[in-house]
Amino acid sequence: MTPALHGFLSGLSLILAIGSQNVFVLRQGIRREHVLAVVLVCILSDAVLISAGAGGLGALVRAAPEVVVVARCAGVVFLLAYAALAARRAIRGGESMQIEAGGSRGSALAPVLATTLALTWLNPHVYLDTVLLLGSIAATHGGQAWLFAIGAVAGSTVWFTALGVGARRLGRLFSSPRSWRVLDGVVAVTMVVVAGMLALG
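Residues numbered from 1 in each chain as written. Predicted model: local features only at pLDDT ≥ 70, side-chain atom pairs only at ≥ 80, totals over all residues. Heavy atoms only, no water.

S.K.: Sorry, what's going on with the packing of aromatic side chains here?
M.R.: How two aromatic rings sit relative to each other is set out by the distance from centre to centre and by the angle between their planes. Counted by the stated rule, this structure contains two aromatic pairs. Measuring from centroid to centroid gives 5.9 Å for phenylalanine 24 and tyrosine 82, while their planes differ by 80°, and the two rings are edge-to-face. With a gap of 58 residues between them, phenylalanine 24 in helix H2 (residues 20-31) and tyrosine 82 in helix H4 (residues 66-92) connect regions that are remote in the sequence. Note on phenylalanine 24: relative accessible area 4%, which makes it buried. Here a set of aromatic residues connected by ring pairs shows up, and it is made of Phe24, Phe78 and Tyr82. Across from the ring centre of tyrosine 82, 5.9 Å away, lies the NZ or CZ of arginine 89, which sits over that ring. (Phe/Tyr/Trp six-rings, centres within 6.5 Å; stacked < 30°, edge-to-face > 60°. Helix = DSSP H or I, 4+ residues; strand = E, 2+ residues; numbered from the N terminus. Buried < 20%, exposed > 50% of the residue type's maximum accessible area, 1.4 Å probe, protein only. Lys NZ or Arg CZ within 6 Å of the ring centre and 35° of its normal.)

Next up, the structure:
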């Protein structure tokens, strides 16, 4: 197996699991709201983290575990706050697809990007999996570690693009407020579960 293919498969295997970041990308894709910006933030963030891991930052994370602890605490607080907002939307209802000819109508870009960045960079698994684990695997390829990193970034790009763009096909299913209440309920539960997993280490 070539280093690039190894990186591609390793990157995909780590991000395929449905987590807080993936759920948020899915929700934005269904809403058709700032999808390209959200997907780009996720891809670029992964590219930075994967490159850092392949470049040796994993050793720093290993030597300074307090970085992961701080990210874990901040992540738990943020996820619970986001879960509360999603739960409120699920209880109150009233949301539905509102697509105009020129695009979507809804949240401003800045809060959406801030949420995307928080879900990415306040997740300690990002540092453990993307930086430490992928960085360690990349190191096994010696001088070709950069090929492994390119493959892993390609895997991330394929996944987030497919998730964001593919979610648009679910738009008809989510044309009613009831569907959105169910989705927001799932989002709230997912965020609470992930927060609990982070809190328990």
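S.K.: Please explain the packing of H2 against helix H8 (residues 177-199) as it appears in this structure.
M.R.: Between two packed helices, both the angle of their axes relative to each other and the distance between the axes serve to describe the pair. Contact geometry for H2 and H8: axes closest at 9 Å, N-to-C directions at 165°. Accordingly, the angle class assigned to the pair H2 and H8 is roughly antiparallel. As H2 runs across H8, the sense of the crossing is left-handed. Across from Ser20, Val23, Arg27, Ile30 and Arg31 in H2, the residues of H8 making contact are Trp180, Leu183, Asp184, Val187, Thr190, Met191 and Val194. Of the residues contributing to the contact of H2 with H8, the split by class is seven nonpolar, two polar and three charged. (Axes fitted to C-alpha atoms, helices over the stretch in contact; angles between N-to-C directions. Parallel < 35°, antiparallel > 145°, perpendicular 65-115°, else oblique. Left-handed = near helix turned anticlockwise from the far one by under 90°. Contact = heavy atoms within 4.5 Å. Nonpolar A, V, L, I, M, F, W, Y, C, P; charged D, E, K, R; others polar.)

S.K.: Just to check I follow, could you spell out the side chain of threonine 190 for this structure?
M.R.: Structurally, the position occupied by threonine 190 is in helix H8. For threonine 190, a relative accessible area of 16% corresponds to the buried category. A polar contact of 2.8 Å, which involves the side chain of threonine 190, links it to the backbone oxygen of valine 186. Discounting chain neighbours no more than four positions away, the residues touching threonine 190 are Gly19 and Val23. (Polar contact = N/O pair within 3.5 Å; in protein donor to acceptor, adjacent residues only side chain to side chain.)

S.K.: Sorry if this is basic, but what is going on with the confidence of the model for the protein chain here?
M.R.: Low pLDDT marks regions whose predicted coordinates should not be analysed in detail. Confidence in the prediction for the protein chain averages 82 pLDDT; 86% of positions are at 70 or higher. Long-range and interchain partners of residues 97-104, a stretch whose pLDDT sits below 50, account for 17 contacts in this model, where long-range means more than four residues apart. (pLDDT = per-residue confidence, 0-100.)

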